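Residues per chain are reported as follows:
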Amino acid sequence: MSSHGSNVDPKTAELWDKSHYQHDVISTRTFGYFMYLLSDGMLFATLFAAYGVLSYQHSYSGGPTPADFVKPWYTFAQTMALFVSVLSYGLAMNALKHKNKSGVINGLLAAFVLGVLFLALDIHDMTHLASSGITVATSGGMSAFIILTQVHAAHVFFGLIWILVMMAQVLAKGFTTDVVGRLLTLRMFWHLQAIIWVFVFVFVYLWGYMS
C-alpha cells in the first residue's frame, strides 16, 4: 500500500479489505467510522424513543403542541435543501472517481451552501418558537421535540465545518490516501443526516402536525 501522503486512484481504492494478509488504510478507517455511525444511530434511537413517550397530549401540560406551530411546507423546504445537498455531495464523489478536482470542489461547495440553507431555516424556526415563549422548559413534550431536532441540527453544523475542511484539503493536497479516506467517511456522515432527517420529518413534524 502506498504511503499516506501519496496519490491514490479513487477508481481502484478498496473500501473494504477482502483479504487477511494486508492492511488497507482507507478500508480500515472507513469500517472504523461506520462503527462510530452505528453508535450515533443509537443516540438518535434513544432520542426518538424519548419523543415517542413524551409526544402524547398529557406530556404538553396543556401548553402548545407541534400541531400549533408546525408548517409542513416549511419543513418540506428544509427536506429538499438537505436532500439536494446530499445529492451534490454524491456528484462530488462521482467527480472523485474521475480525478476531477474542480468537480469535487464544486460538488462540496453546493453541498455546503444547501446545508447552510437547511441550518438557516432551522435557526429561523427555533428563533420563532423562542420568541413565542416555547422553550425546553415549556413542557416535557416540547423538551423532547426541541432536543431531538437540535441534536440533528448540531450534527449538520459540524458536518458543514467538515465539508469546509475537506475543500481546503482537496485544494492543498489533492487526492492523497488520507484525503480520499476522509471524503468517504464524510460521505457516510452526510448521508446519515439525510436518513435521520427522514424520520424527524415524518415522525416528529408530520406526526406532530396531524396529532
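Look above for the structure.
These numbers come from a predicted model, not from an experiment.

What counts and how
Residues numbered from 1 in each chain as written. Predicted model: local features only at pLDDT ≥ 70, side-chain atom pairs only at ≥ 80, totals over all residues. Heavy atoms only, no water. Helix = DSSP H or I, 4+ residues; strand = E, 2+ residues; numbered from the N terminus. Contact = heavy atoms within 4.5 Å. Areas by Shrake-Rupley, 256 points an atom, 1.4 Å probe, with all protein chains shown as cover. Patch = residues over 30% accessible without salt bridge, like charges linked within 9 Å, V, L, I, M, F, W, Y side chains within 5 Å. Salt bridge = Lys/Arg side-chain N within 4 Å of Asp/Glu carboxyl O. Buried < 20%, exposed > 50% of the residue type's maximum accessible area, 1.4 Å probe, protein only. Expected span 1.5 Å × (residues − 1).

Novice: Before we move on, can you summarise the overall build of the chain with the specific residues and values?
Specialist: When helices and strands are tallied, the chain shows 6 helices and 0 strands. Put simply, the chain runs from its N terminus to its C terminus through helices and strands in the order α-α-α-α-α-α. Contacts in the chain between residues at least 24 apart in sequence constitute 76% of all its contacts with a sequence separation of at least 6. Counting every atom, the chain has about 10600 Å² of accessible surface; 70% of that belongs to carbon and sulfur.

Novice: Tell me about a nonpolar patch on the surface, and name the residues and values.
Specialist: Taken together, the side chains of Phe83, Ile195, Val198, Phe199, Val202, Phe203 and Trp207 present a nonpolar region at the surface, about 600 Å² in accessible area. The dominant element in the nonpolar patch, judged by the number of residues it contributes, is helix H6 (residues 177–210), at 6 residues. One can find Phe83 in helix H3 (residues 72–97). Judged by relative accessible area, which is 34%, Phe83 ranks as partly exposed.

Novice: An account of the side chain of Thr79 is needed here, citing residue identities and associated values.
Specialist: Following the sequence through the fold, Thr79 ends up in helix H3. Residue Thr79 is classed as buried on the basis of its relative accessible area, which comes to 6%. For Thr79, the contacting residues outside a window of four places in its chain are Trp197 and Phe201.

Novice: Got a sec to walk through H3? Specific residues and values, please.
Specialist: In this model, H3 (26 residues) spans 38 Å end to end at C-alpha, consistent with the 38 Å of a helix rising 1.5 Å per residue. Where H3 terminates, the next one or two residues include Lys99, which has phi positive at roughly 55 degrees.

Distances and angles like these do not, on their own, reveal function.
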